[in-house]
Amino acid sequence: MVDILDPNKLEDTAADSLRKELGQQAQLEGELHGLQQRLQQLPEGAAPMERASILLERARAQQVLERGGEAWPLARIAFDLYAEAGEWEAAADACDILYQSDQPDSLAALGNGVWLGVTFPIDPEISVHLLSHIVDDTPDDADGAAVAAATALFLADMRAEEGPEKERLVFFANQLLGRFARRHSEVESDEQFTYWVEKLELDDPDKFLVRLRNVIDVLVQEDWWVDRDQLQSSLPQ
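Predicted model, so just to flag it, every value in this text is computed and none were measured.

For this particular structure, what's the right way to read the side chain of Ser127?
Here Ser127 shows up in helix 6 (residues 124–136). Judged by its relative accessible area of 2%, Ser127 is buried. Ser127 has contacts with Gly117, Ile122, Leu155 and Arg159, leaving out every residue within four places of it along the chain.

Looking at this structure, how should I read unusual backbone geometry?
Here Asp102, not a glycine, exhibits a phi torsion of approximately 60 degrees, which is positive. For Asp102, the position within the fold is in the loop between helix 4 (88–100) and helix 5 (106–119). Owing to a relative accessible area of 65%, Asp102 belongs among the exposed residues under this scheme. Unusually for a residue other than glycine, Glu201 sits at a positive phi of about 60 degrees. Relative to the elements of secondary structure, Glu201 occurs in the loop between helix 9 (190–199) and helix 10 (205–220).

Quick question: what am I supposed to make of the side chain of Arg58 here?
Here Arg58 shows up in helix 2 (residues 48–64). Buried charged residue Arg58 carries no salt bridge. Nearest counter-charge: Glu70, at 6.4 Å. Those residues in contact with Arg58 that lie beyond four places of it in its chain are Leu32, Leu35, Gln36, Leu39 and Leu74.

Please clarify how the packing of aromatic side chains should be interpreted in this entry.
The description of an aromatic ring pair uses the distance of the two centres, along with the angle that the planes make with each other. Tallied over the entire structure, the rule returns 7 aromatic pairs. For the pair Phe154 and Phe208, a centre-to-centre distance of 6.0 Å together with 80 degrees between the ring planes defines the contact as edge-to-face. Of the two residues, Phe154 sits in helix 7 (residues 143–159) while Phe208 sits in helix 10, which places them 54 residues apart along the sequence. Take Phe154: its relative accessible area is 25%, and that puts it in the partly exposed class.

Parameters at a glance
Residues numbered from 1 in each chain as written. Predicted model: local features only at pLDDT ≥ 70, side-chain atom pairs only at ≥ 80, totals over all residues. Heavy atoms only, no water. Helix = DSSP H or I, 4+ residues; strand = E, 2+ residues; numbered from the N terminus. Buried < 20%, exposed > 50% of the residue type's maximum accessible area, 1.4 Å probe, protein only. Contact = heavy atoms within 4.5 Å. Lys, Arg positive; Asp, Glu negative; His and termini not counted. Salt bridge = Lys/Arg side-chain N within 4 Å of Asp/Glu carboxyl O. Phe/Tyr/Trp six-rings, centres within 6.5 Å; stacked < 30°, edge-to-face > 60°.

On their own, these measurements won't tell you what the molecule is for.
Here it is as C-alpha cells:
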C-alpha cells in the first residue's frame, strides 16, 4: 500500500517547525535580557570570573541567534578575563564561541583555542569540539584535518574519565576520523583505514602532535592571545 502525502499535514509540519524555531528564539532573547540585567546589577567590585561567566553566556546566546558581530566583543572580553586568571577551560570555551561567530579573526580564535585545549588538561569534550571545527571546515585533501581528527581521538581516549561519557566521546572522535578518511582518500574498508592511518602516521602521537603545531600556526599566524613560551615553561615536566 502506497502512502499518499497530505499537503495539509506538510503545512502543519512546516508551521510546527516555525513555531518551535520562534519559541527557541524568544527563549534566547529572554535569556539575553536576564543576563544583561544580571550584568548591570553586578557591584563595582564583583569578581572578574562572575562578570566573565555572564559575558560568555550572553555571547553564546548571541552566536546561536547568528549575531556574530554582537557575540564577538562579549566573548573576547570574557576570554581575556579567563586568561588573566589562568582559567584555561573557560578560555578555550570562549574561543569556540569566537570561532563560530564567523568574524575576521575567527581562525585565530580557533587556533588559540585548540592550543589551549591540547596544552592544558581541560574538559576533553571542549578540546574535541574545537578540533572538529578544523576537520569539518578544511578541504578534503588537507592532511592537517587528519592530524586534528587523530588528536581528537587521542585526547578523548587519554583524558576522558572512564564511563559512558568517555565511550560517547571516543565514538564521536572515531567517527570524525573515519568520515575524514573517506573524504580524504575514499577509504571504505578496515584494511584501507589501517593503511591510511599508518601512511599518515596518525598512530604515533609523537609525530602527529608535532604536526598539529604547524596547523595551529597557520590558523593563528602571529595573532597569539597568550604568551605560549611563558605558559609552557610553567607546565610540569
